[in-house]
Amino acid sequence: MYHLTHTQGRGPEFATVFDWRLAVSYTIRDLIVTPWMAGHRTSRDNKLKRVYYLSMEFLIGRILGDAIINLGLDHQMDEALESLGLNRTQILEDEPDAALGNGGLGRLAACFMESLSSLGVPAFGYGIRYEHGLFRQRFAAGQQVETPEDWLNQPHPWEFVRVDYSYTIGFKGEVETVDGHSVWLPGESVVARAYDTPVIGWQANWANTLRLWGAQPTNLFDLHRFNAGDYAAAAEPEALARTLSRVLYPDDTTDQGKELRLKQEYFLTSAALQDIIRRFVAEHGEDLAHLPDKVAIQLNDTHPAIAGPELIRLLMDEHDLPFAQSLDLARRTLNYTNHTLLPEALERWSIWLMGHVLPRHLQIIRMIDEDHRKSTGRPANVSIIDHDEVRMGELAFIMAGKVNGVSALHTDLVRSTVFADLHKLHPDRIVNLTNGVTPRRWLRMSNPPLARLLDKTIGTGWTGDLDLLKGLAPYADDGGFLDELRAAKRQNKVALSNGLLADLGINADPEAIFDVQVKRMHEYKRQLLNILETIALWHRIHESPNGDWTPRLKIFGGKAAPGYWTAKTIIHLINDVAKTINDDPVTSQFLKIAYPPNYNVSMAEKLIPAADLSEQISTAGKEASGTGNMKFTMNGALTIGTLDGANVEIRELVGPDNFFLFGLTAAEAETEKAKPGHARAAIEKSDDMKIALQLIAEGRFGRPEHYYALLDRTWNDDPFLVASDFDSYYRCQRSVDSAYADHGHWDRMSALNIASSGFFSSDRTIRGYMETIWHV
Ligand code: 26Q
């Protein structure tokens with residue numbers, strides 16, 4: 001009530017949901033500020049080593065609900081809102097998602113921030129305060145249409161602007177030598193201004209800062225030009241600043257060679273490093289030789305890899321240290337996480353562009369390369385600069401103390417493929433840290449029915465120590481418990497069904513298998529395999545409509561990069577197929593498809609707790625880890641999946657009997673791909689796949705000419721082996737049908753999945769980083 005009146009300036013009789021949501025947010029924020037400031041004081045007074053997580057993406061989602069949970073105020077809040085006659089869901093859902101990320105990598109950064117606070121590790125996250133996060137998706141005639149996202153169009157109650165923490169970031173210009181020193185005279189510059197958001201940990205014992213940089217013009221006008229009457233040119237500095245933190249790049253592989261992207265990467269990195277050095281000097285004095293004792297920096301993929309040359313530049317050019325020492329200090333401070341093996345996703349910049357935008361950094365990159373080549377005996381194949389391009393993966397590797405992969409399989413492949421040559425030279429550098437997700441948001445907050453059942457069955461300790469879920473294993477044979485587990489799942493399914501009916505007009509039967517594939521649209525993730533299997537099943541049901549089919553609701557969710565034609569065509573196909581199948585009275589009791597638009601963190605929080613079956617069907621060797629797979633497992637869904645990424649570890653932990661495995665292994669997939677005509681051969685052998693492709697070509701699902709190119713690609717190229725894995729997938733899905741029909745059996749498997757999911761807490765992952773990389 002205080003904040004409604006004094007911050008929002010509204011009396012209750014005029015207050016809207018928005019007013020109430022802000023008032024509630026400020027009330028909760030007040031409670032976070034105390035532990036937040038205490039944490040800062042503790043870190044500073046005890047001169048603690050800090051972790052700095054540099055990431056171009058933080059996919060936070062909504063903040064209010066998570067803060068309430070971590071403060072332990074969910075019950076009190078319910079009572080308070082009820083006494084005011086307010087609807088809790090309405091208030092929570094009024095908050096826009098902070099969608100400052102594309103997918104897995106950005107969401108991982110958000111889970112890590114939450115775990116760092118829950119574990120009380122002094123840490124900062126550094127990112128960019130994009131005015132526009134990931135685009136909003138809608139469908140027009142089944143096709144994806146992107147509209148801008150504008151979360152900052154309304155007051156954002158969680159951030160504190162720090163006008164006093166501002167740094168100048170230069171671009172372009174010249175490098176001159178003055179008294180034997182290199183001096184960079186940038187041709188353009190902007191100011192990076194800090195916007196801080198507190199991230200509260202479990203039970204509110206600690207809060208860290210997510211510091212996002214917003215770009216400001218150095219000076220609003222070029223006064224010379226302005227006075228000379230050239231008003232448009234006079235506003236150029238402002239124009240650069242406005243574009244720099246304007247929008248998140250919506251491609252989750254790469255948008256190669258874009259000058260603005262390089263500038264964004266440097267903007268984040270330079271602001272963060274200047275801030276880190278300022279804080280170090282303020283706390284520990286001018287002697288930067290001790291930097292690695294107090295600072296551990298983690299680079300989230302190669303996106304901030306310019307940190308290597310930038311840190312050396314700051315130490316050499318601004319703090320007068322010699323090159324060799326600067327290089328050594330940088331290497332003992334920086335670490336790099338690799339998230340991909342896809343060659344097209346490895347960042348490269350033309351040396352022309354690098355020299356144009358960051359001329360001093362290009363010089364330093366050449367020095368790093370020369371030093372590395374000299375010190376390793378000038379091996380062939382190992383160089384940062386190759387074919388007139390700067391290879392950011394190599395740069396990040398060479399500048400890192402430790403390099404890590406994100407699942408056991410992925411780390412092995414990092415060692416044996418992308419970085420094989422560097423791994424031979426530095427055999428101890430690559431380590432594995434399997435990803436994890438925060439159980440606070442992904443279990444306690446998003447799945448109250450299951451959380452209550454867990455509390456009742458094994459006590460509440462699991463939220464802060466997810467290994468305690470092991471205590472559930474004995475209940476897997478307890479019929480009473482299994483009934484309650486089923487009831488909890490059913491409650492989530494009913495809630496989702498109501499939403500799907502209201503939003504999409506789809507009438508879903510809560511008794512059906514809720515089969516969910518939610519993730520970015522990508523050929524390697526093989527949503528195409530899923531929809532082709534759906535078509536084949538539909539056709540089979542038609543052949544025997546009186547058969548004993550297990551009812552299924554197939555749910556899809558995900559966005560395609562705006563320029564990714566094949567991914568967009570697959571979206572169109574899924575929507576076309578959904579239209580035909582959902583309107584078919586012959587199959588409607590057995591099969592439905594729902595594709596709600598604009599999948600985001602908040603939608604994931606509704607879909608995952610309601611899922612029975614988790615689709616993790618990427619071509620083996622292509623998905624670095626996956627993190628959605630872990631969220632489903634924790635929430636009691638069973639996985640149908642390939643031996644890819646963290647699926648391998650999920651299967652080992654839950655046991656092969658409680659996991660639906662299909663498809664080629666990573667090694668087999670490589671061999672298969674090398675066979676000429678592999679797709680055609682596999683399709684010829686598969687009646688089900690042939691029929692599915694034929695039905696599309698005949699125009700049973702909208703105009704076939706939309707799909708000719710996709711069909712042609714599937715027959716003749718099929719780079720991700722949809723055809724080779726089709727029959728194995730189809731058969732595996734039928735074994736899912738029979739398993740689901742036996743409730744007792746299914747529920748037991750579900751319970752064992754939950755009981756074995758403790759390993760996938762991001763608390764475990766962060767402890768691993770602390771021990772093997774950061775030494776905090
Ligand atoms: C790079 C340059 C220019 C424009 C965009 C990009 C870009 C942006 C985002 C490249 C890649 C990404 C995102 C990658 C990503 O999300 N990778 C996922 O990371 C997860 C966390 O480790 C893994 O679980 C997933 O397997 C991996 O695909």
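About the criteria used
Residues numbered from 1 in each chain as written. Predicted model: local features only at pLDDT ≥ 70, side-chain atom pairs only at ≥ 80, totals over all residues. Helix = DSSP H or I, 4+ residues; strand = E, 2+ residues; numbered from the N terminus. Rg over C-alpha atoms; globule rule 2.2 N^0.38 Å. Contact = placed C-beta atoms within 7 Å. Pairing = 2+ DSSP bridges. Domains from an automatic or database assignment. UniProt positions renumbered as here; feature names shortened; annotations may be inferred. Buried ≥ 20, exposed ≤ 12 C-beta atoms within 10 Å, placed from the backbone. Axes fitted to C-alpha atoms, helices over the stretch in contact; angles between N-to-C directions. Core = buried A, V, L, I, M, F, W, Y, C linked by C-beta atoms within 7 Å. Arc of directions from axis to C-beta. Near = placed C-beta within 6 Å. Nonpolar A, V, L, I, M, F, W, Y, C, P; charged D, E, K, R; others polar. Expected span 1.5 Å × (residues − 1). Parallel < 35°, antiparallel > 145°, perpendicular 65-115°, else oblique.

Visitor: Is there a simple way to explain the overall build of the chain in this structure?
Guide: In terms of regular secondary structure, the chain is built from 33 helices and 24 strands. Taken against the 2.2 N^0.38 rule, which gives 28 Å for 776 residues, the C-alpha radius of gyration of the chain at 27 Å falls within 12% of a compact globule. Projected onto the principal axes, the alpha-carbon positions of the chain cover approximately 90 × 70 × 60 Å. Restricting the contact set of the chain to residue pairs at least 6 apart, pairs at least 24 apart contribute 76%.

Visitor: Help me out: how do you make sense of the sheet that holds strand β14 (residues 348-350) in this one?
Guide: In space, the three strands of this open sheet follow the order β14-β16-β15, with antiparallel pairing throughout. Two strands in the sheet have a free side with no partner beyond their single neighbour: β14 and β15 (385-386). In the sheet, β15 pairs with strand β16 (residues 389-391) via two bridges, with the strands oriented antiparallel. Residue pairing in the sheet places Ile385 in a bridge with Val390 of β16.

Visitor: How should I be thinking about the domain arrangement of the chain in this particular structure?
Guide: It is common to give the size of an interface as the accessible area that goes away when the parts come together. Splitting the chain by domain gives domain 1 (47-62 + 97-435) and domain 2 (439-760). Relative to domain 2, the C-alpha centre of domain 1 lies at a distance of 35 Å. Tallying the contact residues gives 37 residues for domain 1 and 33 residues for domain 2. Listed by contribution, the elements that provide at least two residues to the side of domain 1 that touches domain 2 are β2 (58-61), α6 (104-118), β5 (136-140), β6 (143-147) and α17 (408-416).

Visitor: For this particular structure, what's the right way to read the UniProt feature "modified residue: N6-(pyridoxal phosphate)lysine" (unreviewed entry) in the chain?
Guide: The feature "modified residue: N6-(pyridoxal phosphate)lysine" (unreviewed entry), as annotated in UniProt, sits at Lys631 in this numbering. If you trace the backbone, Lys631 turns up in helix α25 (residues 628-634). Using a count of 30 C-beta atoms within 10 Å as the deciding quantity, one classes Lys631 as buried. Apart from the residues lying within four places of it in its own chain, the contact partners of Lys631 are Val437, Trp442 and Ile608.

Visitor: What should I look at first to understand the sheet that holds strand β12 (residues 295-300) in this one?
Guide: Backbone-to-backbone hydrogen bonds join strands into a sheet, with any given pair of strands oriented parallel or antiparallel. The strand order β7-β10-β11-β4-β1-β12-β13-β17-β18 describes an open sheet built from nine strands, whose pairing is mixed. Since the sheet does not close on itself, it has two edges, and those belong to β7 (160-171) and β18 (430-432), each with one partner. Each adjacent strand pair in this sheet contributes to an overall mean axis angle of 25°, direction not counted. The pairing of strand β13 (residues 334-337) with strand β17 (residues 403-405) spans two bridges and is classified as parallel. Bridge pairing in β17 places Thr337 opposite Asn404. This element, α17, spans β17 and β18 of the sheet and lies at about 165° to β18.

Visitor: Teacher, can you tell me more about the nonpolar core here?
Guide: If you look at the biggest cluster of nonpolar residues, it comprises 220 residues, and the most contacted ones within it are Tyr52 and Leu532. Per-element tally for this core: the top contributor is helix α22 (residues 527-543), with nine residues. Looking at this core, you find at least three residues from each of domain 1 (47-62 + 97-435) and domain 2 (439-760). Contacts of Tyr52, omitting those with residues within four sequence positions, involve Phe124, Tyr126, Ala272, Ile276, Val295, Ala296, Ile297 and Gln298.

Visitor: Help me out: how do you make sense of helix α26 (residues 647-654) in this one?
Guide: Think of an α-helix as 3.6 residues a turn; residues three or four steps apart then line up on the same face. Among all positions of α26, only Asn647, Val648, Ile650 and Val654 are buried. Axial view of α26: buried residues confined to an arc of 165°, hence all on one face. On its buried face, α26 sits against α17, β22 (613-616), α25, β23 (638-641) and α32 (743-755). Gly655 sits one or two residues past α26 and shows a positive phi near 95°.

Visitor: Hey, could you run me through the site of the ligand in this one?
Guide: Every one of the 25 residues lining the ligand counts as a neighbour, but Gly104, Leu105, His339, Ala624 and Ser625 are closest to it. Looking at the shell around the ligand, the element that brings in the most residues is α6, giving three residues. For the shell around the ligand, the per-class residue count stands at six nonpolar, 13 polar and six charged. Each of domain 1 (47-62 + 97-435) and domain 2 (439-760) accounts for three or more of the residues forming the shell around the ligand.

Visitor: Before we go on, may I ask you to explain the environment of Gly628 in this structure?
Guide: With respect to the secondary-structure elements, Gly628 resides in helix α25. With near-sequence residues (within four places) excluded, Gly628 lies in contact with Val518 and Lys519.

Visitor: Would you mind going over helix α21 (residues 479-504) with me for this structure?
Guide: An ideal rise of 1.5 Å per residue puts 38 Å on 26 residues; α21 measures up with 36 Å between its terminal C-alpha atoms. Turning to α21, its buried residues number three or more, namely Leu482, Leu485, Ala488, Lys489, Asn492, Lys493, Leu496, Ser497 and Leu500. On its buried face, α21 sits against α20 (448-458), β19 (513-518), β21 (591-594), α24 (601-607) and α32. Gly505 occupies a position one or two residues after α21 and carries a positive phi of about 70°.

Visitor: What exactly am I supposed to notice about the pairing of β6 here?
Guide: Remark: a regular strand shows side chains that alternate across the two faces of the sheet. Across five bridges, β5 lies against β6 in antiparallel orientation. By the bridge assignment for β6, Gln137 is matched with Glu146. Count of turn residues in the β5/β6 antiparallel hairpin: two residues, of which Ala141 carries a positive phi of about 50°.

Visitor: I keep staring at the packing of α6 against helix α33 (residues 762-774) and nothing clicks. Help me out?
Guide: Angle between the axes and distance between the axes are the two parameters that describe a pair of packed helices. Running from N to C, α6 and α33 point in directions that differ by 75°, and their axes come no closer than 9 Å. One way to sum up the angle between α6 and α33 is to call them roughly perpendicular. Only Ser762, Asp763 and Ile766 of α33 make contact with α6, whose side of the interface consists of Cys111, Phe112, Ser115, Leu116 and Ser118. In terms of residue class, the contact of α6 with α33 is built from four nonpolar, three polar and one charged.

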